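Structure at a glance
Below, each chain spelled out in residue letters.
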Amino acid sequence: SIDFNTIMQNNRGSTMQTITVDFTPSSEKRSYPIHIGYGILQQVDLIVSCLPQKRVAVVSNTTIAPLYLNKLRIALEERGVSSVPIILPDGEAHKNWETLNLIFDALLQNHCERNTAILALGGGVIGDLTGFAAATYLRGVPFIQIPTTLLAQVDSSVGGKTGINHPSGKNMIGAFYQPRMVLADSATLNTLPDRELRAGLAEIIKYGLIRDPAFFDWLEQNMHRLLARDSVTLNEAIQRSCENKAEIVAADEKEKGIRALLNLGHTFGHAIENGMGYGVWLHGEAVAAGTVMAAELSRRMKLISDVDVQRIRKILLQAELPVVAPKMPLEKYMQLMTLDKKVEAGKSRFILLNRIGEAVMRADIAPAILNETILACMS
Ligand code: NAD
Ligand code: MG
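Thresholds, definitions, all that
Residues numbered from 1 in each chain as written. Chains lettered and ligands numbered in written order. Predicted model: local features only at pLDDT ≥ 70, side-chain atom pairs only at ≥ 80, totals over all residues. UniProt positions renumbered as here; feature names shortened; annotations may be inferred. Helix = DSSP H or I, 4+ residues; strand = E, 2+ residues; numbered from the N terminus. Rg over C-alpha atoms; globule rule 2.2 N^0.38 Å. Buried ≥ 20, exposed ≤ 12 C-beta atoms within 10 Å, placed from the backbone. Contact = placed C-beta atoms within 7 Å. Pairing = 2+ DSSP bridges. Axes fitted to C-alpha atoms, helices over the stretch in contact; angles between N-to-C directions. Near = placed C-beta within 6 Å. Parallel < 35°, antiparallel > 145°, perpendicular 65-115°, else oblique. Left-handed = near helix turned anticlockwise from the far one by under 90°. Nonpolar A, V, L, I, M, F, W, Y, C, P; charged D, E, K, R; others polar. Core = buried A, V, L, I, M, F, W, Y, C linked by C-beta atoms within 7 Å. pLDDT = per-residue confidence, 0-100. Expected span 1.5 Å × (residues − 1). Arc of directions from axis to C-beta.

As recorded by an unreviewed UniProt entry, the protein carries the name Multifunctional fusion protein and is attributed to Nitrosomonas supralitoralis. Taken from UniProt, the Subunit (unreviewed entry) comment for the protein reads in full: "Monomer." Recorded under Subcellular location (unreviewed entry), the UniProt text for the protein is reproduced unchanged: "Cytoplasm".

As structure tokens, this is what we get:
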């Protein structure tokens, strides 16, 4: 477990960075800050200042609560803020209606009101479940993200996609609902299992691939530091990722256009996650293998070069992520991919790469090329 006083002392000058998800001019009051820094969970004033009421509900899970929940609740209490803890079972397999109902039950039993903010303290599963609960409880209550996994800090906590899985597809039920604030404390990553850290790296690499070639170069140079959890390097990667995501979300909140590019590797990845059973392959692992599949499809579509495809494979291997897709029948891949949310008028759309740093969405994929790609990428 982790000693918060030690973190405070080691707090490397407490350099906090703040990035804004900026919806001005269309919707200025929904713009919100993403605070990033080592040890900033201690700075509860950041949270308290955006609460409409001196009472909150904090949703977490059985793994994260023992590490961070009590410290947070005590710090809030010291500022006169009382909190209702809601502790869920851990795991992607619990990202469903039953678990969502546990949140509603607790909110109702504790008489939480329209002004009672809900805090999500955890990874992407807790963030997605809690965000959906906040979007729908009493038709919407204030919501704050406190992401504690690398994946959640660089991706899922930013941008307002919330929701749950359906037995027949990932994230099929949900809402767009922006948080009031995101507070990403990179010190919480000290307790994260290695495998989860690597899963987060997949989404970081994605930003370089779809729109930030300089970041991709930087990642090639710094991957070993990220794997060693060097906190300065981690903070830099989190910031750069959040800047990329914040720009995309501000430009296209409801995924009418460029936001879809964030789904690089996800059409294949979701098929892997669902097909193997939720939780068997981590989301980031499935995205890594899915990214190789998307790159291979791009190469077969005469878009990306061989050299770039090799660089993609190499950086994912450097990050110790899977680059080979699991063996499933071709028909199973195809059937699972028809559940993709990008399907329009029955046609699957794929995010492909022209080169490292430039992605495109294409609907004109010949079935034969798709089949060939999947077969070539499987173990
Ligand atoms: P997760 O939430 O399951 O967390 C991974 C594991 O780490 C869990 O066991 C969790 O309890 C544990 N954990 C979390 N923080 C910890 C810490 N600091 N120390 C020790 N253990 C800790 O998984 P994830 O990778 O964070 O998120 C994956 C989910 O996010 C998927 O459901 C995916 O669909 C979703 N997602 C959503 C978006 C979005 O835009 N909303 C984007 C990407 C992914
Ligand atoms: Mg993702």
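Comments concerning the overall build of the protein
Regarding its fold elements, the protein presents 14 helices and 11 strands. Relative to a compact globule of 379 residues, whose C-alpha radius of gyration would be 21 Å, the protein shows 20 Å and is just as compact. With respect to the principal axes defined by its C-alpha atoms, the protein has extents near 60 × 40 × 40 Å. Expressed as a percentage of the 379 residues in the protein, the buried residues total 47%. Restricting to contacts in the protein with at least 6 residues of sequence separation, those with at least 24 account for 75%.

Examining the pairing of strand β7 (residues 161-166)
Burial runs high along β7: 5 of the 6 residues are buried. With 5 bridges connecting them, β7 and strand β8 (residues 169-176) associate as antiparallel partners. Each bridged residue has a counterpart across the sheet, and for T162 the counterpart in β8 is A175. Hairpin connection from β7 to β8: 2 residues lie between these consecutive antiparallel strands.

Structural notes on the sheet that holds strand β6 (residues 143-147)
An order of β1-β2-β9-β6-β5-β3-β4 is seen for the 7 strands of this open sheet, with the pairing classed as mixed. Here the strands that pair on one side only, and so sit at the sheet edges, are β1 (17-21) and β4 (82-88). Strand after strand, the sheet turns through a mean of 20° between neighbouring axes, direction not considered. The pairing of strand β3 (residues 55-61) with strand β5 (residues 117-122) spans 4 bridges and is parallel. Within the sheet, the bridge partner assigned to V58 lies in β5 and is L119. On the sheet, helix α3 (residues 65-78) packs against β3, β4 and β5 and is oriented at approximately 170° with respect to β3. On the sheet, helix α5 (residues 124-136) packs against β3, β4, β5 and β6 and is oriented at approximately 170° with respect to β5.

Section: the UniProt feature "domain: 3-dehydroquinate synthase C-terminal" (unreviewed entry) in the protein
In this numbering, the UniProt entry assigns the feature "domain: 3-dehydroquinate synthase C-terminal" (unreviewed entry) to residues 200-343. With 68% helix and 0% strand, residues 200-343 has its two end C-alpha atoms placed 26 Å apart.

What about the site of ligand 1?
The local shell around ligand 1 holds 29 residues, among which G123, G124, V125, T149 and S156 are the closest. Breaking the shell around ligand 1 down by element, the ones donating at least two residues are α5, α6 (150-156), β8 and α7 (194-211).

Section: the packing of helix α10 (residues 266-276) against helix α13 (residues 330-337)
Helix packing geometry: the angle between the two helix axes and the distance between the axes. Following both chains from N to C, one finds α10 and α13 inclined at 110°, their axes separated by 9 Å at the closest point. Looking at the two axes, α10 sits roughly perpendicular to α13. In this structure, α10 crosses over α13, and the sense of that crossing is right-handed. For the pair formed by α10 and α13, the contact residues are T267, A271, N274 and G275 on the first element and K332, Y333, L336 and M337 on the second. Tallied by class, residues from the contact of α10 with α13 come to 4 nonpolar, 3 polar and 1 charged.

Considering the packing of helix α8 (residues 213-227) against helix α9 (residues 231-251)
Viewed as axis vectors pointing N to C, α8 and α9 meet at an angle of 145°, and their least axial separation amounts to 10 Å. When you trace α8 past α9, the crossing you get is left-handed. Facing F215, N222, R225 and L226 of α8, the residues of α9 in contact are T233, L234, A237 and R240.

Considering the nonpolar core
Core analysis: the biggest nonpolar cluster contains 111 residues, and V59, L119, L121 and A294 have the highest contact counts within it. Ignoring anything within four residues of it in the chain, the contact list for L121 reads V58, V59, S60, I64, Y68, L69, L72, I126, I146 and T148.

What about the confidence of the model for the protein?
Averaged over every residue, the pLDDT of the protein is 94; the share at 70 or more is 96%. For residues 1-13, every residue scores under 50 in pLDDT, and the model assigns this stretch 15 contacts once sequence neighbours within four places are set aside. Per the prediction output, this complex has pTM 0.94; the corresponding ipTM is 0.99.

Let's talk about unusual backbone geometry
Phi is mostly negative for residues that are not glycine, and the peptide bonds are mostly trans. With an omega of 0°, the peptide bond between T24 and P25 qualifies as cis. Of note, the phi angle at N171 is positive, near 50°, even though the residue is not glycine. If you trace the backbone, N171 turns up in strand β8. Its identity as a non-glycine residue notwithstanding, E320 has a phi of 60°, on the positive side. Examined against the element boundaries, E320 turns out to sit in the loop between α12 (306-318) and α13.

Here we look at the UniProt feature "domain: 3-dehydroquinate synthase N-terminal" (unreviewed entry) in the protein
According to UniProt, the positions carrying the feature "domain: 3-dehydroquinate synthase N-terminal" (unreviewed entry) are residues 86-198. When the span residues 86-198 is considered, its composition is 34% helix and 29% strand, and the gap between its end C-alpha atoms is 28 Å.

Focus on helix α4 (residues 97-109)
In a regular helix each residue adds 1.5 Å, so 13 residues correspond to 18 Å; α4 covers 18 Å between its end C-alpha atoms and thus fits that length. Those residues of α4 lying buried are T99, L100, I103 and L107. Projected down its long axis, α4 carries its buried residues within an arc of 110°, all on one side. Exposed residues pointing more than 90 degrees away from the buried face of α4 are listed as W97, E98, N101, D105, L108 and Q109. On its buried face, α4 sits against β3, β4, α5 and β7. Once α4 finishes, H111 follows within two positions and takes phi at roughly 55°, a positive value.

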